[in-house]
Amino acid sequence: AQKVTQAQTEISVVEKEDVTLDCVYETRDTTYYLFWYKQPPSGELVFLIRRNSFDEQNEISGRYSWNFQKSTSSFNFTITASQVVDSAVYFCALSEPPGNYQLIWGAGTKLIIKP
Amino acid sequence: DAGVIQSPRHEVTEMGQEVTLRCKPISGHNSLFWYRQTMMRGLELLIYFNNNVPIDDSGMPEDRFSAKMPNASFSTLKIQPSEPRDSAVYFCASSLYQSNQPQHFGDGTRLSIL
C-alpha cells in the first residue's frame, strides 16, 4: 500500500539555522512521483517541487534543496539559512503510475523559524 | 499567469443553509480537484474532474455534497443543507492530465457553519 510518512510533527529552529524535513514513502511501483508543498500561515498550498522515480539527482533552488534516495525511500527537504518567512507547514506527497491523479499526502511538518 | 481562483475566501453561515463554493482553474488545465482540509483528517480529496467530467467522487462525504463543472473554466461545490461538521477549508486545485503534472491549488475557502 502507498503511504507517506513525515515523522516530524513540528520543528522549531532559530533563524539562519539549516533544517531538514524528512519524508519517507512506501510504494510497490517502480514509476512514481514525489512532491513537496508549502502551506504558510495564510493558508494557501504552494507547490514547491516534483520529482519522478527515475531521477535521483538532488535538486537545489536557492536556499531549498531536496535529497531523493530510492535506497531508503526518502525524499528529504533542506532549508539552508532559514528565515522567518519559511515558517509554514510542509507536506510531502506521492502519486503513482502516470495518470494516477490521487496524491497520497503525508501528515505535514510544521516548521517554526524563530527570529 | 493567473492561478486557481476560488471564491469566497471566507463563508460563515448557519446550519441548514445552502453553501456554494466556486473555482476557476488555471487556463489550459484539464483536471480539477476539490479537497477538504481539517485538523482531524488532513487533506481529503472530495472529487476529481477530467475534461469537465466527474471521474471519482468517492470522497464526497454524503449526498448533501454535490459538485459540477459546466465548462473548462468553472466548477462549483455545493453543500445543502450544511451542518457544523462541514466546517473546514475547501481547496480547489487544477493540473494538466499528463505525466503526473503537479496540482496547483487555490487559496481555499474557509467555511464555518454555525
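Coordinates for the structure precede this section.
Draft legend 1. Geometry of the overall build of chain B. For chain B, the count of helices and strands is zero helices and 11 strands. Sequence-ordered secondary structure for chain B, helices as α and strands as β, is β-β-β-β-β-β-β-β-β-β-β. In terms of overall size, chain B behaves like a compact globule, its C-alpha atoms giving a radius of gyration of 13 Å where 114 residues would be expected to give roughly 13 Å. Principal-axis analysis of the C-alpha atoms places the extent of chain B at approximately 40 × 30 × 30 Å. Taken across its 114 residues, chain B has 47% of its residues classed as buried.

Draft legend 2. Quick peek at the pairing of strand β7 (residues 65–71) of chain B. All names here are of chain B. Note that β7 and strand β8 (residues 74–79) share five bridges and pair antiparallel. Bridge pairing in β8 links Ser66 to Lys78. Between β7 and β8, which pair antiparallel and follow one another directly, the connecting turn spans two residues.

Draft legend 3. Molecular detail of the interface of chain B and chain A. At the interface, 19 residues of chain B touch 21 residues of chain A. At the boundary of chain B with chain A, total buried surface from both sides reaches about 1600 Å², with 54% on carbon and sulfur atoms. Joining chain B to chain A, the criterion identifies zero salt bridges. Inspection of the region where chain B meets chain A yields two residue pairs in polar contact (both at pLDDT 80 or more). Of all elements in the fold, only β4 (31–38), β5 (42–50) and β10 (104–105) of chain B reach the threshold of two or more residues within the side of chain B that touches chain A. Its residues placed into classes, the side of chain B that touches chain A shows nine nonpolar, seven polar and three charged.

The rules behind these values
- Residues numbered from 1 in each chain as written.
- Chains lettered and ligands numbered in written order.
- Predicted model: local features only at pLDDT ≥ 70, side-chain atom pairs only at ≥ 80, totals over all residues.
- Heavy atoms only, no water.
- Helix = DSSP H or I, 4+ residues; strand = E, 2+ residues; numbered from the N terminus.
- Rg over C-alpha atoms; globule rule 2.2 N^0.38 Å.
- Buried < 20%, exposed > 50% of the residue type's maximum accessible area, 1.4 Å probe, protein only.
- Pairing = 2+ DSSP bridges.
- Contact = heavy atoms within 4.5 Å.
- Buried area = accessible area lost by both parts, 1.4 Å probe.
- Salt bridge = Lys/Arg side-chain N within 4 Å of Asp/Glu carboxyl O.
- Polar contact = N/O pair within 3.5 Å; in protein donor to acceptor, adjacent residues only side chain to side chain.
- Nonpolar A, V, L, I, M, F, W, Y, C, P; charged D, E, K, R; others polar.

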